[in-house]
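For reference, the chains in residue letters:
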Amino acid sequence: MANCELPAERRRACLGFGLPLAFLLLAASLVLAANGAQEGGAVTKAVEYRHFPVIGSRVAVWIIAQLHLMFGAFVLAVPMFALIIEFIGYKTGDKRYDQLAYEFTRLLSVSFSFTASLGALLTFMLFILYPKVMNYLTQIFSWTFFPYVLLFFLEAVFLYSYYYGWGKFHPVTHLLIGLALNLVGIGIIFIADAWLTFMNTPRGIDQAGHLVNLWEAINNYIWMPINIHRLIANISFGGSIAAAYGAYRFLASSTPEERAHYDWMGYVGNFIAISALLPLPFAGYWLGTEIYAYSQTLGVVLMGGTFSWLFIIQAVLIGNLFLAANYYLWVSMQRIEGAERYYRFIKYLLASITLCFLVWATPHSLVATVQEARAMGGQHHPILGVLGVMSAKNTAVNILILTTYISFLLYRRGNKEPTVSWARTGNLIQFAIFAFAVVFVIFLGVYGYFVEAKVRIRLSVPQVLTVLLTMIVVTLIDVFMFKNARIKGPIRWGEMPARSQYALFFIAITFAWTMGLMGYVRSGMRQHWHVYNVMKDTSPDAYTPTLGFAANVITITVLIFFSFIAVIFWLTGLTSKKSSGAKWEASA
Amino acid sequence: MRTTIKIFLFTVAVSLFYTYVGHMVPQKEFHPPMTIELRADLTPAELAEIGRQIVAGKGTCLTCHTIGADKPGRFPDLGGIGARAAHRKPGYSDVDYLAESLYRPNAYIVPGFAPGMPQVNKPPIGLTDQEILAVIAYLQSLGGTPTVTLKTKLKWAGETATQETAPAPAGGTEGAGGGPQALFTKYLCTTCHKLDAPGKLVGPSLYDVGSRLSKGEIYEAIMDPDATVAPGFPPGIMSATLKANKFYQKVTPAELKAMVDYLASLKGDK
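Residues numbered from 1 in each chain as written. Chains lettered and ligands numbered in written order. Predicted model: local features only at pLDDT ≥ 70, side-chain atom pairs only at ≥ 80, totals over all residues. Heavy atoms only, no water.

Engineer: Just to check I follow, could you spell out the overall build of chain B for this structure?
Structural biologist: A tally of regular secondary structure across chain B gives 11 helices and 0 strands. Reading the secondary structure of chain B in the N-to-C direction produces α-α-α-α-α-α-α-α-α-α-α. Residue burial in chain B is summarised as follows: out of 270 residues, 41% are buried. Considering only contacts within chain B whose residues lie at least 6 apart along the sequence, 62% involve residues at least 24 apart. When the accessible area of chain B is evaluated, it comes to approximately 13,800 Å², of which 60% is carbon and sulfur surface. (Helix = DSSP H or I, 4+ residues; strand = E, 2+ residues; numbered from the N terminus. Buried < 20%, exposed > 50% of the residue type's maximum accessible area, 1.4 Å probe, protein only. Contact = heavy atoms within 4.5 Å. Areas by Shrake-Rupley, 256 points an atom, 1.4 Å probe, with all protein chains shown as cover.)

Following this line, the structure appears as structure tokens:
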């Protein structure tokens with residue numbers, strides 16, 4: 001492992017340690033203050049809400065909370081794939097992987113300070129602006145604050161040990177520190193998820209809202225689905241930001257070696273992002289199922305009522321993600337000698353993605369002019385209205401996932417020629433599996449129109465399992481089929497047009513916007529409740545704003561986030577300018 | 001630096017594109033439901049009218065139920081429930097059955113449907129006992145005749161989680177949540193049409209429009225006023241007024257449906 005420590009980094013380490021510690025002190029003092037107010041502060045008790053100037057309390061907390069979540073997602077996700085990449089480097093002995101893992105980790109140092117600062121600010125604002133809610137949540141969750149603080153402290157210790165210990169510990173010791181870092185990070189997110197999921201699906205309390213069972217309050221209906229959904233989404237988001245960093249450095253590179261290195265980094269980051277994206281809809285199904293299991297009313301508000309149009313926006317976002325991810329893979333095939341033979345399939349893949357995208361984004365009820373509404377006989381289009389229901393949308397999403405997987409498969413095969421005797425049979429079997437999966441998924445989708453709702457909802461499970469199984473089986477066949485494959489030509493890393501790197505930025509921005517949108521709906525679905533069914537929101541902001549207003553706030557948040565990210569990229573770039581290109585050349 | 005600026009502009013452009021998408025979908029604010037104050041001397045018919053507002057508003061009943069639809073939605077269609085209710089469960093009167101359906105919705109599940117309706121007297125809906133009586137009166141009116149008043153005693157009354165209001169003294173009703181009637185004020189329909197009595201203003205009275213026109217004809221009369229003009233009234237005025245008020249841009253499908261349903265329910269003195 002390379003020893004890349006610089007004196008300036010030591011100074012930032014002090015800053016990095018200082019901010020989290022400041023956060024811990026602040027959080028602890030606020031918790032104590034809240035408890036004190038709850039026990040004896042008659043004056044504080046009377047204050048339920050305070051007003052934040054100009055933009056109001058809700059928008060102020062909304063923006064800070066979302067920024068904190070975005071940075072938190074990045075800081076918790078990067079160590080996961082950095083550890084895996086480092087492990088690959090350790091097992092294969094390829095120094096490039098070690099260097100790449102280190103470069104990913106380098107992004108964490110400053111990001112961790114940003115996350116902690118935003119966390120402190122969020123805590124501060126919540127206790128000041130929403131004392132009634134925070135007093136109540138403190139009553140329920142006060143005992144979880146202590147392990148949270150301890151884990152946060154350990155996170156700082158392991159993170160900086162992992163980063164500054166690069167090349168100084170035995171590789172296995174270093175990997176174990178990375179593992180500890182990840183376990184602690186998962187612990188942190190699980191505790192924080194308990195607080196926020198309790199607000200949506202509270203459990204473990206009596207009818208008056210008093211705590212009866214802390215574990216039930218933590219292990220509420222959507223706690224584990226949110227945990228899993230967030231872990232996967234964090235990896236996806238973190239991968240996309242890391243890929244954007246690679247793209248930024250690629251575009252700013254002045255030598256072919258640097259371009260090659262950062263092209264590779266962008267590719268790996270994007271690979272991680274898209275790999276995690278594929279199972280994300282399935283985690284989303286589970287989350288949705290648990291919401292319905294807790295309260296059909298809440299489920300209907302989410303999917304069929306107030307927020308139904310939000311999911312059309314989400315369809316546009318996710319559709320764009322898939323489109324951009326596929327586009328990047330297709331452009332990437334240009335740098336692979338031998339991949340030309342697969343170009344002819346791209347038009348079919350594009351047609352499939354476009355079709356699925358259109359179906360997914362078709363609303364059930366249309367916004368129509370007077371003449372259109374009269375011609376249609378209502379708000380449902382006689383033909384397109386059929387596509388605006390879950391049977392069609394689930395089918396479209398599953399085929400979209402399969403199409404993206406095929407794009408990746410073609411990319412992976414780009415410069416490889418199988419040498420096994422059963423290659424033709426293997427290809428036929430793979431084709432048959434794909435064909436069966438597509439036909440079966442479509443069949444279930446069509447069948448869904450002819451059965452009751454309770455049966456129809458369950459059909460998404462075999463659809464999902466079919467797609468997952470297809471990807472697993474086809475991958476296994478592919479791995480064995482291309483073992484000892486003949487290499488038709490090298491991958492010319494760095495020989496990529498600039499537009500491919502903008503595709504990576506597009507993916508990162510879209511991920512950030514999607515996070516903002518889903519963060520909004522996760523919180524907004526409670527409507528006029530702070531804690532659903534338990535504590536009403538009686539503030540002036542108790543109403544649910546329009547989706548256009550939410551879109552404005554999300555865009556502002558995303559732009560602030562990327563402004564901060566630009567600072568992080570710049571700071572991180574200062575330390576890696578001299579080393580990366582030379583190392584790529586030396587180890588490639 | 002040039003690369004950084006290009007990336008920044010690209011980020012802004014993509015974000016603005018998604019903002020644009022966010023503004024292209026229907027825009028509506030959702031306000032917390034407010035408790036409807038009820039006079040102590042309301043007649044069953046008046047109570048049914050308030051119940052209709054609760055069903056469409058605070059009760060959120062129409063999120064899952066339909067009224068008079070060809071195909072039921074998530075839960076059973078409520079059209080004609082006033083006539084069916086007395087025969088659903090042996091030994092239950094229509095009021096008993098409807099009350100149980102609201103306080104204990106999963107005690108009896110209509111064949112072909114899954115359980116899942118929440119207790120309406122508990123959060124998040126949290127109707128008061130008086131509001132539930134109003135809903136029962138309205139449900140009775142769907143195919144039957146409302147009989148309940150605020151003096152009617154229900155077996156499950158008193159179990160409400162939030163008794164936010166007591167019956168108010170006589171002096172008018174207020175649907176603070178904004179029922180269909182409020183829409184006619186919002187869109188200035190009542191400037192030209194009477195809703196509660198015969199007699200013409202600029203346009204014909206609508207107090208009996210439900211007995212004269214079908215829902216489809218009412219829908220057409222709103223969406224294309226000049227397609228069929230009532231005898232004795234000049235064409236063009238309503239369409240020009242609605243366009244000038246930007247009614248067609250502002251009205252949501254749900255509002256339009258509520259207005260049509262409401263007008264269809266206006267039967268005059270019948």
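So much for the structure itself; the text now carries on.
Engineer: Hey, could you run me through the overall build of chain A in this one?
Structural biologist: The helix and strand inventory of chain A stands at 21 helices and 4 strands. Taking all 588 residues of chain A together, 58% fall into the buried category. Long-range contacts, defined as pairs at least 24 residues apart, comprise 85% of the intrachain contacts of chain A with a sequence gap of at least 6. Only carbon and sulfur atoms are counted for the fraction: they give 70% of the accessible area of chain A, which is about 23,900 Å².

Engineer: What is the right way to look at the nonpolar core in this model?
Structural biologist: Side chains of nonpolar character tend, in soluble globular proteins, to be buried together. All names here are of chain A. Of all hydrophobic cores here, the largest spans 160 residues; its most connected members are Phe-104, Phe-237, Ile-241, Trp-513, Phe-561 and Phe-562. For this core, the element with the highest residue contribution is helix H12 (residues 310-332), accounting for 16 residues. Look past the residues within four positions of Phe-237 in its chain and what remains in contact with it is Met-70, Ala-73, Phe-74, Phe-511, Ala-512, Met-515 and Phe-561. (Core = buried A, V, L, I, M, F, W, Y, C linked by side-chain atoms within 4.5 Å.)

Engineer: Mind showing me how you'd approach a nonpolar patch on the surface here?
Structural biologist: Residues and elements named next belong to chain A. Judged by side-chain polarity, Trp-422, Leu-469, Ile-472, Val-473, Leu-476, Val-479 and Phe-480 come together as a nonpolar surface patch covering roughly 650 Å² of accessible area. Here Trp-422 is to be found in the loop between strand E1 (416-417) and helix H16 (423-447). The class of Trp-422 is partly exposed, set by a relative accessible area of 35%. (Patch = residues over 30% accessible without salt bridge, like charges linked within 9 Å, V, L, I, M, F, W, Y side chains within 5 Å. Salt bridge = Lys/Arg side-chain N within 4 Å of Asp/Glu carboxyl O.)

Engineer: Explain helix H8 (residues 215-223) of chain B here, please?
Structural biologist: Residues three or four positions apart in an α-helix share a direction because the helix packs 3.6 residues into each turn. Within the sequence span of H8 of chain B, burial applies to Ile-218, Tyr-219, Ile-222 and Met-223 of chain B. Along H8 of chain B, the residues classed as buried sweep out an arc of 125 degrees about the axis, all on the same side. (Arc of directions from axis to C-beta.)

Engineer: How should the interface of chain A and chain B be read in this particular structure?
Structural biologist: Accessible area lost upon the coming together of the parts serves often as the stated size of an interface. Each partner contributes residues to the interface: chain A has 46 residues there, and chain B has 43 residues. A combined buried area of about 4,000 Å² lies between chain A and chain B, and 68% of that area is made up of carbon and sulfur atoms. Inspection of the chain A/chain B interface yields 0 salt bridges. Linking chain A to chain B there are 9 residue pairs in polar contact (both at pLDDT 80 or more). Elements supplying a minimum of two residues to the side of chain A that touches chain B: helix H8 (223-252), helix H11 (296-303), H12, helix H14 (370-376), helix H19 (498-524) and helix H20 (547-576) of chain A. In terms of residue count, H20 of chain A provides more of the side of chain A that touches chain B than any other element does, 9 residues in total. When its residues are assigned to classes, the side of chain A that touches chain B shows 27 nonpolar, 15 polar and 4 charged. (Buried area = accessible area lost by both parts, 1.4 Å probe. Polar contact = N/O pair within 3.5 Å; in protein donor to acceptor, adjacent residues only side chain to side chain. Nonpolar A, V, L, I, M, F, W, Y, C, P; charged D, E, K, R; others polar.)

Engineer: Sorry if this is basic, but what is going on with the side chain of Arg-39 of chain B here?
Structural biologist: All names here are of chain B. Considering the arrangement of structural elements, one finds Arg-39 in the loop between helix H1 (2-24) and helix H2 (44-56). Looking at Arg-39, its side chain comes within polar contact range of the side chain of Asp-41, at 2.9 Å. For Arg-39, the side chain forms a polar contact with the side chain of Glu-46, separated by 3.4 Å.

Engineer: Explain the confidence of the model for chain A here, please?
Structural biologist: Segments scoring low in pLDDT should not have their predicted coordinates read at a detailed level. Residues and elements named next belong to chain A. Here chain A averages 85 in pLDDT, and 86% of its residues register 70 or above. Contacts from residues 1-19, a stretch scored under 50 in pLDDT, to residues over four places away or in other chains number 45 contacts. Every residue in residues 32-44 is under pLDDT 50, and counting partners more than four places away or in other chains gives 9 contacts. (pLDDT = per-residue confidence, 0-100.)

Engineer: What should I look at first to understand the environment of Thr-228 of chain B in this one?
Structural biologist: Structurally, the position occupied by Thr-228 of chain B is in the loop between H8 and helix H9 (237-244). As for Thr-228 of chain B and Leu-9 of chain B, which are separated by 219 residues in sequence, their C-alpha atoms are 53 Å apart.

Engineer: Looking at this model, I keep getting lost on the packing of aromatic side chains. Mind explaining?
Structural biologist: Two aromatic rings are characterised by how far apart their centres lie and by the angle between their planes. Residues and elements named next belong to chain A. One pass over the structure, following the stated rule, counts 50 aromatic pairs over all chains. Between Tyr-162 and Trp-166, the aromatic rings sit 5.1 Å apart at their centres with planes inclined by 65 degrees, giving edge-to-face as the arrangement. Judged by its relative accessible area of 1%, Trp-166 is buried. Among the aromatic side chains, those forming a connected cluster through ring pairs are Tyr-102, Phe-112, Phe-145, Tyr-148, Phe-152, Tyr-160, Tyr-162, Tyr-163, Tyr-164, Trp-166 and Trp-195. The residue whose ring lies beneath Arg-96 is Trp-264, and the NZ or CZ to ring-centre distance is 5.1 Å. (Phe/Tyr/Trp six-rings, centres within 6.5 Å; stacked < 30°, edge-to-face > 60°. Lys NZ or Arg CZ within 6 Å of the ring centre and 35° of its normal.)

Engineer: In this structure, what is going on with the packing of helix H3 (residues 56-92) of chain A against H19 of chain A? I would like to understand it.
Structural biologist: If you want to describe how two helices pack, look at the angle between their axes and the distance between the axes. Residues and elements named next belong to chain A. Packing of H3 against H19 leaves a shortest axis separation of 10 Å and a crossing angle of 125 degrees. In this view, H3 runs oblique relative to H19, as classed from their interaxial angle. In the packing of H3 onto H19, the handedness of the crossing is right-handed. Side by side, H3 and H19 meet where Trp-62, Gln-66, Leu-69, Met-70 and Ala-73 of the first sit next to Ala-512, Met-515, Gly-516, Gly-519 and Tyr-520 of the second. Split by residue class, the contact of H3 with H19 holds 7 nonpolar, 3 polar and no charged. (Axes fitted to C-alpha atoms, helices over the stretch in contact; angles between N-to-C directions. Parallel < 35°, antiparallel > 145°, perpendicular 65-115°, else oblique. Left-handed = near helix turned anticlockwise from the far one by under 90°.)

Engineer: Help me out: how do you make sense of the confidence of the model for chain B in this one?
Structural biologist: Residue and element names in this part refer to chain B. Looking at chain B as a whole, its pLDDT mean stands at 80, while 89% of the residues score no less than 70. Here helix H10 (residues 247-250) stands out as the least confident element of chain B, with mean pLDDT 75; H1 is the most confident, with 93. Long-range and interchain partners of residues 161-177, a stretch whose pLDDT sits below 50, account for 36 contacts in this model, where long-range means more than four residues apart. The ipTM for the predicted assembly is 0.86, set against a pTM of 0.75.

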